[in-house]
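Chain by chain, the residues run as shown.
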Amino acid sequence: MSGRTPLVAANWKMHKTVGETEDFLDRFIGEIGDLEAVEIVICPPYTSLSAAVERCRRSPIRVAAQNMHEAEQGAYTGEVSAGMLLDIGVQGVVLGHSERRQYFNETDEALARKVAVALERGLEPILCVGESEAERDAGETEAVLRRQIEADLDGVAAEDLARVVIAYEPIWAIGTGRTATPEQAEEAIAFIRSQLAGIDAGAAEAVRILYGGSVKPGNAAELLGREQIDGALVGGASLDPADFLAICEAAKP
Ligand code: PGA
């Protein structure tokens, strides 16, 4: 037993209108029953955040955004700040998802600022890291993870580290149906934890490190049963309330 509370997050990406968000949550919240032992976070698109906050108000579920800008306000067309998210009751933010790194030029420098701002403002950051298939094949997985962890947590004080959630998401496993084996996921997560120990050994033991990449009801139990894997960041399978519930159930300690 690691003593860390498992956390399962639904990354809806660019899916679900306001109505679809409400339908999902009405069904999901009605079914969660005795899941207090698992922390659940829903990450809808910006347009559904308010509706999700409203629907989750009387439930233990937290709502997080999928990105934010590091500045408080300013001439940044199309962007949203931490203050704006807090203003509508959002409690966390996914940062550095590989799709944002790949398609929207998200850099480690910007991420370091975003993680620091999220912590400063009291938003729970879920920082995503992970290697590409070519990097894994070239034996560079640990070098990539080391570089991302070092750069993205550059602005984080040791006393704040325990408030960061990290998601290990090998890019080759995202949306591909190709899941990392529990051994591969656990090995990478243990490596990430060893890197965090370089910042603060106590906090490194407290940080939740999730696995993400084609997690489904059928493979959740074997992944989430591993000592080092503290939960999951779920894309495709989080769009269906029954599938997502089954994954949350599998995270119960
Ligand atoms: P997936 O996405 O579960 O659809 O592979 C995971 C993610 O991108 O966070």
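Further up the page is the structure itself.
Structure report, in brief. A quick note: this is a predicted structure, and the numbers were derived from the prediction, not measured.

1. Some remarks on the overall build of the protein
Part 1 of the reasoning: When helices and strands are tallied, the protein shows 11 helices and 8 strands.
Part 2 of the reasoning: Radius of gyration (C-alpha) of the protein: 17 Å, near the 18 Å computed for a compact globule of 253 residues.
Part 3 of the reasoning: If one aligns the C-alpha atoms of the protein with their principal axes, the spans along those axes are about 45 × 45 × 35 Å.
Part 4 of the reasoning: With 253 residues in all, the protein has 53% of them scored as buried.
Part 5 of the reasoning: When contacts within the protein are restricted to residue pairs at least 6 apart in sequence, those whose partners lie at least 24 apart make up 72%.
Part 6 of the reasoning: Carbon and sulfur atoms make up 48% of the accessible area of the protein, which amounts to about 11000 Å² in all.

2. With respect to the nonpolar core
For soluble globular proteins, nonpolar side chains are generally found buried alongside one another.
Part 1 of the reasoning: Leu153, Ile166, Leu196, Tyr211 and Phe244 are the most contacted members of the largest nonpolar core, which totals 68 residues.
Part 2 of the reasoning: Broken down by element, the residue count for this core peaks at 6 residues, all from helix α8 (residues 182-197).
Part 3 of the reasoning: Beyond its immediate stretch of four places on either side in the chain, Phe244 contacts Val8, Ala9, Ala10, Phe24, Phe28, Ile40, Val41, Ile42, Val234, Ala237 and Ser238.
Part 4 of the reasoning: Membership of the second largest hydrophobic core comes to 12 residues, among which are Ala9, Cys43, Val94 and Leu210.

3. Here we look at the layout of surface pockets
Part 1 of the reasoning: Approximately 470 Å³ is the volume found for the largest pocket.
Part 2 of the reasoning: Forming the walls of the largest pocket are 17 residues, and the residues nearest its centre are Lys13, Met14, Gln66, Arg100 and Phe104.
Part 3 of the reasoning: Per-element tally for the lining of the largest pocket: the top contributor is helix α4 (residues 98-103), with 3 residues.
Part 4 of the reasoning: Partitioning the lining of the largest pocket into residue classes produces 8 nonpolar, 5 polar and 4 charged.

4. Notes on the state of the cysteines
Part 1 of the reasoning: Applying the stated criterion across every chain, the model contains 0 disulfides.
Part 2 of the reasoning: We note that Cys56 lacks a disulfide partner, and the nearest cysteine sulfur, in Cys43, lies 11 Å from it.
Part 3 of the reasoning: You can call Cys56 buried: its relative accessible area is 3%.
Part 4 of the reasoning: Cysteine Cys248 remains unbridged, with the sulfur of Cys43 as its closest cysteine sulfur at 12 Å.

5. Quick notes on the site of the ligand
Part 1 of the reasoning: In the vicinity of the ligand lie 13 residues, with Lys13, His97, Glu169, Gly175 and Ser214 positioned nearest.
Part 2 of the reasoning: Contact between the ligand and Gly175: an oxygen atom at 2.7 Å from a main-chain N or O atom of the residue.
Part 3 of the reasoning: The separation between an oxygen atom of the ligand and a polar main-chain atom of Gly235 is 2.9 Å.
Part 4 of the reasoning: Taking 280 Å² as the accessible area of the ligand by itself, protein coverage stands at 95%.
Part 5 of the reasoning: Split by residue class, the shell around the ligand holds 4 nonpolar, 7 polar and 2 charged.

Here is what the cut-offs are and how they apply
- Residues numbered from 1 in each chain as written.
- Predicted model: local features only at pLDDT ≥ 70, side-chain atom pairs only at ≥ 80, totals over all residues.
- Heavy atoms only, no water.
- Helix = DSSP H or I, 4+ residues; strand = E, 2+ residues; numbered from the N terminus.
- Rg over C-alpha atoms; globule rule 2.2 N^0.38 Å.
- Buried < 20%, exposed > 50% of the residue type's maximum accessible area, 1.4 Å probe, protein only.
- Contact = heavy atoms within 4.5 Å.
- Areas by Shrake-Rupley, 256 points an atom, 1.4 Å probe, with all protein chains shown as cover.
- Core = buried A, V, L, I, M, F, W, Y, C linked by side-chain atoms within 4.5 Å.
- 1 Å grid on protein atoms, 1.4 Å probe; cavity = no way out; pocket = protein on both sides within 12 Å on 5 of 7 lines; lining within 4 Å.
- Points joined across faces, edges and corners; volume = space filled by probe spheres on them.
- Nonpolar A, V, L, I, M, F, W, Y, C, P; charged D, E, K, R; others polar.
- Disulfide = S-S within 2.5 Å.
- Near = heavy atom within 4 Å.
- Polar contact = N/O pair within 3.5 Å; in protein donor to acceptor, adjacent residues only side chain to side chain.

Interpretation note: all reported values are geometric properties and have no functional meaning in isolation.
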